[in-house]
Amino acid sequence: MAEKKRNEKKKEKTDEKINDALLKVALGYQVAEVTEEYAEVDGELKLTKRKKTKKDVPPDLKAVQMLLANEGNDEYGAWTDEELEKERVRLLAALEESKAGVEKEERKKTVKAKTGAAVKRTKKK
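Residues numbered from 1 in each chain as written. Predicted model: local features only at pLDDT ≥ 70, side-chain atom pairs only at ≥ 80, totals over all residues. Heavy atoms only, no water.

1. Examining the overall build of the protein
In step 1: A count of helices and strands for the protein gives four helices and two strands.
In step 2: Counting only contacts in the protein whose residues sit at least 6 apart along the sequence, the fraction spanning at least 24 positions is 42%.
In step 3: For the protein, the accessible surface area stands at approximately 11300 Å², while carbon and sulfur atoms represent 54% of it. (Helix = DSSP H or I, 4+ residues; strand = E, 2+ residues; numbered from the N terminus. Contact = heavy atoms within 4.5 Å. Areas by Shrake-Rupley, 256 points an atom, 1.4 Å probe, with all protein chains shown as cover.)

Okay, structure coming up:
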């Protein structure tokens, strides 16, 4: 019995690690790279240059598809790459449109606040 529970816990931990890795790939991530150059000085190798860079790894549609299929949402699990790409483009456009609407509303509020303050100042004089 105890052996069975330990095996189940190991399987759960492994599944959790796999899902975390899959989620990371599905969302995209950033990798830091360090490149070092060495030169021989007085018979010894000395560090002459160190360059640190960050690379963005874009989201992977196959990983998104696998995550959705694993969560029981078979609607997306059967989609082709082309269908997933179209849906991604559609969702990104909707997100941009939503952001633009929020920014527009914020500008209106700012203009109203500024004009209201100007009106108040003119009334005081």
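2. Focus on the pattern of salt bridges
In step 1: A complete count under the given rule lists seven salt bridges for this structure.
In step 2: Arginine 6 is paired through a salt bridge with glutamate 3; the nearest N and O atoms lie 3.5 Å apart. Residue arginine 6 and its partner glutamate 3 are both found in helix H1 (residues 2–27); the two are separated by three residues, about one turn of the helix.
In step 3: You can call arginine 6 partly exposed: its relative accessible area is 47%.
In step 4: Judged by its relative accessible area of 46%, glutamate 3 falls in the partly exposed class.
In step 5: The partner of aspartate 15 in a salt bridge is lysine 11, with the nearest N and O atoms 3.1 Å apart. Of the two residues, aspartate 15 and lysine 11 both sit in helix H1, four residues apart, roughly one turn of that helix.
In step 6: By relative accessible area, aspartate 15 is classed as partly exposed at 34%. (Salt bridge = Lys/Arg side-chain N within 4 Å of Asp/Glu carboxyl O. Buried < 20%, exposed > 50% of the residue type's maximum accessible area, 1.4 Å probe, protein only.)

3. Examining the packing of H1 against helix H2 (residues 61–70)
Two quantities define a packed helix pair, namely the angle between the helix axes and the distance between the axes.
In step 1: The contact between H1 and H2 brings their axes to 8 Å, and the two run at 135 degrees. Taken as axis vectors, H1 and H2 run oblique relative to one another. As for the relative orientation of H1 and H2, their crossing is left-handed in sense. Residue-level contacts link Asn19, Leu22, Leu23, Val25 and Ala26 of H1 to Ala63, Val64, Met66, Leu67 and Asn70 of H2.
In step 2: Residue classes in the contact of H1 with H2 are distributed as eight nonpolar, two polar and no charged. (Axes fitted to C-alpha atoms, helices over the stretch in contact; angles between N-to-C directions. Parallel < 35°, antiparallel > 145°, perpendicular 65-115°, else oblique. Left-handed = near helix turned anticlockwise from the far one by under 90°. Nonpolar A, V, L, I, M, F, W, Y, C, P; charged D, E, K, R; others polar.)

4. Quick word on the packing of aromatic side chains
In step 1: A full pass over the atoms with the stated rule returns zero aromatic pairs.
In step 2: Its guanidinium or amino end placed over the ring of tyrosine 29, lysine 24 lies 4.7 Å from that ring's centre, counting from NZ or CZ. (Phe/Tyr/Trp six-rings, centres within 6.5 Å; stacked < 30°, edge-to-face > 60°. Lys NZ or Arg CZ within 6 Å of the ring centre and 35° of its normal.)

5. Quick look at the pairing of strand E1 (residues 29–41)
In step 1: Where E1 and strand E2 (residues 44–57) come together, 13 bridges link them in antiparallel fashion. Across the sheet, residue valine 34 finds its bridge partner in E2, namely lysine 52.
In step 2: Where E1 folds back on E2, the antiparallel hairpin that results is connected by two residues, among which aspartate 42 adopts a positive phi of roughly 55 degrees. (Pairing = 2+ DSSP bridges.)

6. Here we look at a positive patch on the surface
In step 1: Side chains of Lys5, Lys9, Lys13 and Lys17 sit close together on the surface and give a patch of like positive charge.
In step 2: Along the chain, the position of lysine 17 falls in helix H1.
In step 3: On the basis of relative accessibility, which here comes to 62%, the residue lysine 17 falls in the exposed class. (Patch = residues over 30% accessible without salt bridge, like charges linked within 9 Å, V, L, I, M, F, W, Y side chains within 5 Å. Lys, Arg positive; Asp, Glu negative; His and termini not counted. Charge placed at Lys NZ, Arg CZ, Asp CG, Glu CD.)

7. Looking at unusual backbone geometry
In step 1: Look at aspartate 42: it is not a glycine, yet its phi comes out positive at around 55 degrees.
In step 2: As for its placement among the helices and strands, aspartate 42 is situated in the loop between E1 and E2.
In step 3: Of the residues examined, aspartate 42 reaches a relative accessible area of 76% and is grouped as exposed.

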